[in-house]
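Here's the letter readout for the chains.
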Amino acid sequence: MPVCDICCEELPSEAEMRTHLLLSHMENVVACPFCSLSGVSYDEMKFHINTAHIEKDCQDTNATVVDSGQKSSNDWIAQSPNSTVTSNVNAKNMDTVSQASPHSQSTGTSLSQGTSTSLRSSPPAAATANGAVKLVRTTQKSSSNPSKEREDGRRKTKQKRLSSPIKGAGPEVGTLTEVSSTSSGRSGVMRYECPMCSLSFSSSSSLQEHVELHLEYGSASVTGHSSEDLTLARKLQEEEEQKWREAATRQEAEDFKKLQKQFGLDNSGGYRKQMERNMERAVSRGHMVPAEFHRKKAEMLESLASGVDDGRSKTSGLMGALYRYYRDASDCAHVWLCAETDHYSSSEGDKGWGCGYRNFQMLLSSLHRMEQYKLLPVSVPSIPRVQALVEEAWGQGADPQGASHFNHRLQGTRAWIGATEIYAVLTSLSVKARIVDFHKPTGPGDTHPRLFEWVKQYFSHSASRGARLPPKIVQTTLPPIYLQHQGHSRSIVGVEQKVNGNLCLLLFDPGYAPREMRKVLSQDTATMVQRVRKFPGSLKHRQYQVVAVEGLLTPEEKQSRILNSRTLCAEKIP
């Protein structure tokens, strides 16, 4: 049979145990049976008993103190379940015992160690397996059968445990009386009285169902405030959830604004506004005189109106200078260079977001020199014009997902562009391009040796046709490769193979200022080449994408690629 761990009362079933715990302990004041501690939760009381009174649990025996019914009111019988000896203890000679909370169903007392035990609290209680003492008055029949009481004590010892509160217990309903059983006349039929109303029942199961109805519908007649507490709790919970939702919405909006600002979609202006702000800042700091400001502004407006880049950030003649440098270099076995390409640096109007546009200008500067691509516009477009070209490609149906991401608008913004936008605008210009995605590292230390091998194969494949041994330096007729990774893009203008077989890429970075790139044209070429070289240990981003030009498209091929770009998927390596 289940035994209550607080008052040690035996209950005939688990259902009655739950009702007992709910009515007598969980919704009443929980008091320590060993000391005066009360008014804490069930779990706190459990921790208190297991820590502060663990020695009493081990030292005190399960002593049962009963009123024999034949003795006087001052004489009590203290009986141990493990002993057959019964001794009369006079209340006057007993030590004092602290009285438990009167709100508990059973009053717990603490027995002091010594030859005599004390009992001054009333009513008497019986000792439990966990050291608590429960005082009960027994009838003549119970006092005449000490062996049965000892057996009950042993059974309680075996069932020693301290269970957690029942999860199905309802909310607090105020101060409840304990479930009492009274004798109905001479028939001896036990009646169970509801602690919330005046009804009584003949079985504990009926009482349990009745009490659960009280808890379910919040009609606690004793206190009358259970439903109010439940309503208040629900209201507080709803308010807390509403505050959480509002905070989450605010945070989401702030994060979205940060992303918009990061990718230039915050309506803060595009190339022209950024250029004007930077020139105005230079004037306010004394770095530029007002006359120069107006002159540069007029030149900028003229360039934007024509749609042609002003060439202020362009550096030409670099590929020839690299060819001459490697011709005399002794630390490399082979070098493959792309066709003549101009370097375009970021300017005050696109600093921080214009790398994709500048790399596209580098690619076009190489294609313009090739007879095969003579149908392309002769001049290199400005950044606002490149934005317009991307929008025109979207208008033709290329890359609808990318267009949706930018809300079909690039002009007047500082939005970044990547490999898919470069592919879309090349396709709209009838240029055959290929996207290759190196979506994960293929070497130790998060390196990408497969990327290096692919670039070498791209440049060396056409150059090695018909030749048994490739020459040391080869300047191919291939345009540069567009290289994209998270947050930045560059142009691959060649690949170098060392004597030991190691590879390094030669990269033009839009972040390099024109004065730095012009060092390649001077006697300080070696210093600048060191910055252009990139070994595998320098390219350790998680993912890289490249866009390589492979010729021209027929009208049919162009239309097919535009239709297929609705589900554009890059070629993945590996």
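Scoring rules and cut-offs
Residues numbered from 1 in each chain as written. Predicted model: local features only at pLDDT ≥ 70, side-chain atom pairs only at ≥ 80, totals over all residues. Heavy atoms only, no water. UniProt positions renumbered as here; feature names shortened; annotations may be inferred. Helix = DSSP H or I, 4+ residues; strand = E, 2+ residues; numbered from the N terminus. Buried < 20%, exposed > 50% of the residue type's maximum accessible area, 1.4 Å probe, protein only. Contact = heavy atoms within 4.5 Å. Areas by Shrake-Rupley, 256 points an atom, 1.4 Å probe, with all protein chains shown as cover. Pairing = 2+ DSSP bridges. Phe/Tyr/Trp six-rings, centres within 6.5 Å; stacked < 30°, edge-to-face > 60°. Patch = residues over 30% accessible without salt bridge, like charges linked within 9 Å, V, L, I, M, F, W, Y side chains within 5 Å. Salt bridge = Lys/Arg side-chain N within 4 Å of Asp/Glu carboxyl O. Lys, Arg positive; Asp, Glu negative; His and termini not counted. Charge placed at Lys NZ, Arg CZ, Asp CG, Glu CD. 1 Å grid on protein atoms, 1.4 Å probe; cavity = no way out; pocket = protein on both sides within 12 Å on 5 of 7 lines; lining within 4 Å. Points joined across faces, edges and corners; volume = space filled by probe spheres on them. Nonpolar A, V, L, I, M, F, W, Y, C, P; charged D, E, K, R; others polar. Core = buried A, V, L, I, M, F, W, Y, C linked by side-chain atoms within 4.5 Å. Arc of directions from axis to C-beta. Axes fitted to C-alpha atoms, helices over the stretch in contact; angles between N-to-C directions. Parallel < 35°, antiparallel > 145°, perpendicular 65-115°, else oblique. Left-handed = near helix turned anticlockwise from the far one by under 90°. Polar contact = N/O pair within 3.5 Å; in protein donor to acceptor, adjacent residues only side chain to side chain.

- In the nomenclature of an unreviewed UniProt entry, the protein chain corresponds to Zinc finger-containing ubiquitin peptidase 1 from the organism Cyprinus carpio.
- Quoted verbatim from the Subunit (unreviewed entry) heading of the UniProt record, the comment on the protein chain is "Interacts with RPA1 and RPA2."
- UniProt's Catalytic activity (unreviewed entry) comment on the protein chain is quoted here verbatim: "Thiol-dependent hydrolysis of ester, thioester, amide, peptide and isopeptide bonds formed by the C-terminal Gly of ubiquitin (a 76-residue protein attached to proteins as an intracellular targeting signal)."

1. So, the overall build of the protein chain
- Counting its secondary structure elements, the protein chain contains 18 helices and 20 strands.
- Here the protein chain holds 574 residues, and 44% of them are scored as buried.
- Partitioning the intrachain contacts of the protein chain with sequence separation of at least 6 by distance along the chain shows that 64% fall at a separation of at least 24.
- Of the roughly 29900 Å² that the protein chain leaves accessible, carbon and sulfur atoms contribute 50%.

2. Some words on the pairing of strand β19 (residues 544-552)
- β19 sits mainly inside the fold: seven of its nine residues count as buried.
- The sheet contact formed by strand β13 (residues 431-438) and β19 spans eight bridges and is antiparallel. Its bridge partner lying in β19, Ala433 is registered against Val549.
- Across four bridges, the pairing between strand β15 (residues 481-485) and β19 is antiparallel. Opposite Leu483, over in β19, you have Val546 as the bridge partner.

3. A closer look at the pairing of strand β16 (residues 488-498)
- For β16, the tally of buried residues reaches ten of eleven residues, placing the bulk of the element in the interior.
- Two strands pair when backbone bridges link them, and strand β11 (residues 332-337) and β16 are joined in this way by five bridges, in the antiparallel orientation. Its bridge partner being in β16, His334 is matched across the sheet by Gln497.
- Where β15 lies against β16, five bridges are found, and the strand directions are antiparallel. Bridged to His485 within β16 is His488.

4. What to know about the packing of aromatic side chains
- A complete count under the given rule lists six aromatic pairs for this structure.
- Aromatic side chains Trp353 and Tyr357 sit 5.8 Å apart centroid to centroid with 80° between the ring planes, which places their arrangement in the edge-to-face category. As far as the burial class goes, Trp353 and Tyr357 line up, both buried.
- Judged by centre distance (5.0 Å) and plane angle (80°), the ring pair of Tyr458 and Phe459 falls under edge-to-face. Residues Tyr458 and Phe459 agree in their burial class; the two are buried.

5. So, a negative patch on the surface
- On the surface, Glu238, Glu239, Glu240 and Glu241 cluster together into a patch of negative charge.
- Position of Glu238 among the secondary structure elements: in helix α7 (residues 226-262).

6. What about the layout of surface pockets?
- Size it by volume and the second largest pocket reaches roughly 810 Å³.
- Surrounding the second largest pocket, 41 residues form its lining, Met275, Arg312, Ser346, Ser347 and Glu348 being those nearest its centre.
- Where the lining of the second largest pocket is concerned, the elements lending two or more residues are α8 (271-284), α9 (290-306), α11 (355-367), α12 (383-395) and α16 (514-517).
- Its residues assigned to classes, the lining of the second largest pocket comprises 16 nonpolar, 13 polar and twelve charged.

7. Details of the nonpolar core
- Counting residues in hydrophobic clusters, the biggest one holds 47 residues, and the most contacted among them are Tyr326, Trp454, Val455 and Phe459.
- By size, the runner-up hydrophobic cluster in this structure holds 39 residues, among which are Met370, Leu376, Ala403 and Ile422.

8. A few points about the pattern of salt bridges
- The tally for this structure, following the rule as stated, stands at 19 salt bridges.
- Lys297 is paired through a salt bridge with Glu276; the nearest N and O atoms lie 3.9 Å apart. Taken together, the positions of Lys297 in helix α9 and Glu276 in helix α8 put the pair 21 residues apart, joining distant regions of the chain.
- What makes Lys297 partly exposed here is its relative accessible area of 27%.
- Residue classification places Glu276 among the buried residues on the basis of a relative accessible area of 14%.
- The partner of Glu371 in a salt bridge is Lys374, with the nearest N and O atoms 3.6 Å apart.

9. Concerning helix α10 (residues 318-328)
- Leu318, Met319, Ala321, Leu322, Tyr325 and Tyr326 are the residues of α10 that are buried. Taken around the axis of α10, the buried residues stretch over an arc of 155°, which confines them to a single face.

10. Observations regarding unusual backbone geometry
- Here the bond from Ile573 into Pro574 is cis, since omega is -5°, no more than 30 degrees from zero.
- Residue placement: Pro574 occurs in the segment after β20 (571-572).
- The phi dihedral of Asp399 is positive, around 45°, even though this residue is not glycine.
- Relative to the elements of secondary structure, Asp399 occurs in the loop between α12 and α13 (400-405).
- Classification of Asp399 by relative accessible area gives buried; the value is 6%.

11. Examining the packing of α11 against helix α14 (residues 419-428)
- Packing of α11 against α14 leaves a shortest axis separation of 11 Å and a crossing angle of 40°. Taken as axis vectors, α11 and α14 run oblique relative to one another. The chirality of how α11 crosses α14 is right-handed. The segment α11 lies against α14, with Gly356, Phe360 and Leu363 engaging Ile422, Val425 and Leu426.
- Of the residues that constitute the contact of α11 with α14, the class distribution is five nonpolar, one polar and no charged.

12. Comments concerning the side chain of Asp509
- Relative to the helices and strands, Asp509 resides in the loop between β17 (503-508) and α16.
- No salt bridge forms around the buried Asp509; measuring N to O, its nearest opposite-charge neighbour Arg490 is 4.3 Å away.
- A distance of 2.9 Å separates polar atoms of two side chains, one belonging to Asp509 and the other to His488.
- Only 2.8 Å separates the side chain of Asp509 from the backbone nitrogen of Gly511, close enough to count as a polar contact.
- In contact with Asp509, other than residues within four places in its own chain, are His343, His488 and Arg490.

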